[in-house]
Structures are given as structure tokens and as C-alpha cells.
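Here is what each chain is made of, one letter per residue.
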Amino acid sequence: MRDNNKVDVTVHVDKIVRNVAIAGVLIVGIIYGCNTYRKVIRWRDEE
């Protein structure tokens, strides 16, 4: 007869949520920064 080994898996939801939130903020910041940078270059070229 074999023993069934039980594996306890703990998922730290707070860490996952925090990391996803940080990643989201970074992605939005990069997109916003790129758009603003493009606008600044266009303004500079128009002058």
C-alpha cells in the first residue's frame, strides 16, 4: 500500500495583486511617456 503524499501550496494573493498593480502602473507610465515624448518632438519640429 502506497502513502499518498500531500503537497500544501500556498498562494500569496496580496503579493500577486501588488506585483500586477506595479506592472500595470509601469506599462501605463511607459505608454503615456512615449506619447508625450512624441508630442514634444512634433511641437519642436513645428517651431
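Now for a description of the structure that goes with this document. Given the structure is predicted, the values throughout are model-derived calculations rather than measurements.

## As for the overall build of the protein chain
Thinking step 1. Summing up its helical and strand segments, the protein chain has one helix and zero strands in all.
Thinking step 2. Along the first, second and third principal axes, the C-alpha set of the protein chain runs to 85 × 20 × 5 Å.
Thinking step 3. Burial analysis of the protein chain (47 residues in total) assigns 0% to the buried set.
Thinking step 4. Of the roughly 5,200 Å² of accessible surface on the protein chain, 60% is carried by carbon and sulfur atoms.
Thinking step 5. Side-chain charges of the protein chain comprise 8 positive and 6 negative groups, with the mean position of each set lying 3 Å from the other.

## Some words on the environment of asparagine 5
Thinking step 1. Within the fold, asparagine 5 resides in the segment before α1 (13-46).
Thinking step 2. Sequence-wise, asparagine 5 and leucine 26 are 21 residues apart; in three dimensions their C-alpha atoms are separated by 41 Å.

## Details of a nonpolar patch on the surface
Thinking step 1. Taken together, the side chains of Val7, Val9, Val11, Val13, Ile16, Val17 and Val20 make up a nonpolar region of the molecular surface, amounting to roughly 700 Å² of accessible area.
Thinking step 2. With respect to the helices and strands, isoleucine 16 occurs in helix α1.

## Considering the environment of arginine 44
Thinking step 1. Checked against the element boundaries, arginine 44 lands in helix α1.
Thinking step 2. Along the primary structure arginine 44 and glycine 29 are separated by 15 residues, whereas in three dimensions their C-alpha atoms are 22 Å apart.

Conventions and cut-offs
Residues numbered from 1 in each chain as written. Predicted model: local features only at pLDDT ≥ 70, side-chain atom pairs only at ≥ 80, totals over all residues. Heavy atoms only, no water. Helix = DSSP H or I, 4+ residues; strand = E, 2+ residues; numbered from the N terminus. Buried < 20%, exposed > 50% of the residue type's maximum accessible area, 1.4 Å probe, protein only. Areas by Shrake-Rupley, 256 points an atom, 1.4 Å probe, with all protein chains shown as cover. Lys, Arg positive; Asp, Glu negative; His and termini not counted. Charge placed at Lys NZ, Arg CZ, Asp CG, Glu CD. Patch = residues over 30% accessible without salt bridge, like charges linked within 9 Å, V, L, I, M, F, W, Y side chains within 5 Å. Salt bridge = Lys/Arg side-chain N within 4 Å of Asp/Glu carboxyl O.

It is worth stressing that arrangement in space is one thing and function is another; only the former is reported here.
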